[in-house]
Amino acid sequence: MKKEADTPVTVSIARKVRTGAEADYEDWLRRISQVAINFPGHQGVHILKPSAKTGGEYVLIVGFSSYTHQKSWEESSERQTFLDELEQKKLIEGETQI
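A brief structural summary. (Residues numbered from 1 in each chain as written. Predicted model: local features only at pLDDT ≥ 70, side-chain atom pairs only at ≥ 80, totals over all residues. Heavy atoms only, no water.)

Okay, the overall build of the protein chain next. Within the protein chain one finds three helices and four strands. Each helix and strand of the protein chain, ordered N terminal to C terminal, gives the series β-α-β-β-α-α-β. In terms of overall size, the protein chain behaves like a compact globule, its C-alpha atoms giving a radius of gyration of 14 Å where 98 residues would be expected to give roughly 13 Å. Counting only C-alpha atoms, the protein chain reaches 50 × 30 × 20 Å along its principal axes. (Helix = DSSP H or I, 4+ residues; strand = E, 2+ residues; numbered from the N terminus. Rg over C-alpha atoms; globule rule 2.2 N^0.38 Å.)

Below you can see the structure in the form of structure tokens.
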């Protein structure tokens, strides 16, 4: 029987990007994805661009092989640096939905 910490995890992240900041946000997405993919257990990221189906938001679907690996990424200094950049450059509007 698998422990909960060993169960695969999929995280959905939705953000509304500020009008005119789409190119900068997509560059940010490319860079953070390149870093995240090197973390243990990372199983890839799917990016849905804004559409009627996404409510006009960018939606990221990120997979990890375990909750432990997902938490390692979530609590990493690398991820925090990218989140700080997102805030400093004011690329998004409203709250991120996870």
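So, on to the environment of Glu 95. Along the chain, Glu 95 falls in strand β4 (residues 92–97). Exposure remark for Glu 95: the relative accessible area of 64% places this residue in the exposed category. Spatially, the C-alpha atom of Glu 95 lies 11 Å from that of Ile 13, the residues being 82 residues apart in sequence. (Buried < 20%, exposed > 50% of the residue type's maximum accessible area, 1.4 Å probe, protein only.)

Of the voids in this model, the largest pocket is the one considered here, and its volume is about 310 Å³. Lining the largest pocket are 19 residues, and of these Ile 13, Ile 32, Val 62, Trp 73 and Arg 79 lie nearest its centre. Mapped by element, the contributors of at least two residues to the lining of the largest pocket are β1 (9–17), α1 (22–36), β2 (42–48), β3 (58–64), α2 (67–74) and α3 (77–88). Among the elements that line the lining of the largest pocket, the one with the most residues is α1, at five residues. (1 Å grid on protein atoms, 1.4 Å probe; cavity = no way out; pocket = protein on both sides within 12 Å on 5 of 7 lines; lining within 4 Å. Points joined across faces, edges and corners; volume = space filled by probe spheres on them.)

The next thing to look at is α3. In this model α3 runs 16 Å from its N-terminal to its C-terminal C-alpha over twelve residues, within 8% of the 16 Å that 1.5 Å per residue would give. Taken residue by residue, α3 has Arg 79, Phe 82, Glu 85 and Leu 86 as its buried positions. Along the axis of α3, the buried positions cluster into a sector of 120°, meaning they face one direction only. Looking at α3, the residues exposed on the side facing more than 90 degrees away from the buried face are Ser 77, Thr 81, Glu 87 and Gln 88. Taken together, the buried residues of α3 touch β1, α1, α2 and β4. At the C-terminal side of α3, Lys 90 shows a positive phi close to 50°. (Expected span 1.5 Å × (residues − 1). Arc of directions from axis to C-beta. Contact = heavy atoms within 4.5 Å.)

Further remarks concern the pattern of salt bridges. Considering all chains together, one arrives at seven salt bridges under this definition. Notably, a salt bridge pairs Lys 71 with Glu 74, separated by 3.4 Å at the nearest N-O pair. Taken as a pair, Lys 71 and Glu 74 lie in helix α2 at a separation of three residues, close to a single helical turn. The partner of Glu 75 in a salt bridge is Lys 71, and the shortest N-O contact between them spans 3.6 Å. Salt bridges linked by common partners bring Asp 27, Arg 30, Arg 31, Glu 85 and Lys 89 together as one network. (Salt bridge = Lys/Arg side-chain N within 4 Å of Asp/Glu carboxyl O.)

This paragraph deals with the nonpolar core. Counting 19 residues, the largest nonpolar core has Tyr 25, Trp 28, Leu 29, Leu 60 and Trp 73 as its most contacted members. Those elements that provide at least two residues to this core are β1, α1, β3 and α3. Per-element tally for this core: the top contributor is α1, with five residues. Those residues in contact with Leu 60 that lie beyond four places of it in its chain are Val 11, Ser 12, Ile 13, Arg 15, Tyr 25, Leu 29, Val 45, His 46 and Ile 47. (Core = buried A, V, L, I, M, F, W, Y, C linked by side-chain atoms within 4.5 Å.)

These figures come from the coordinates and say nothing about function on their own.
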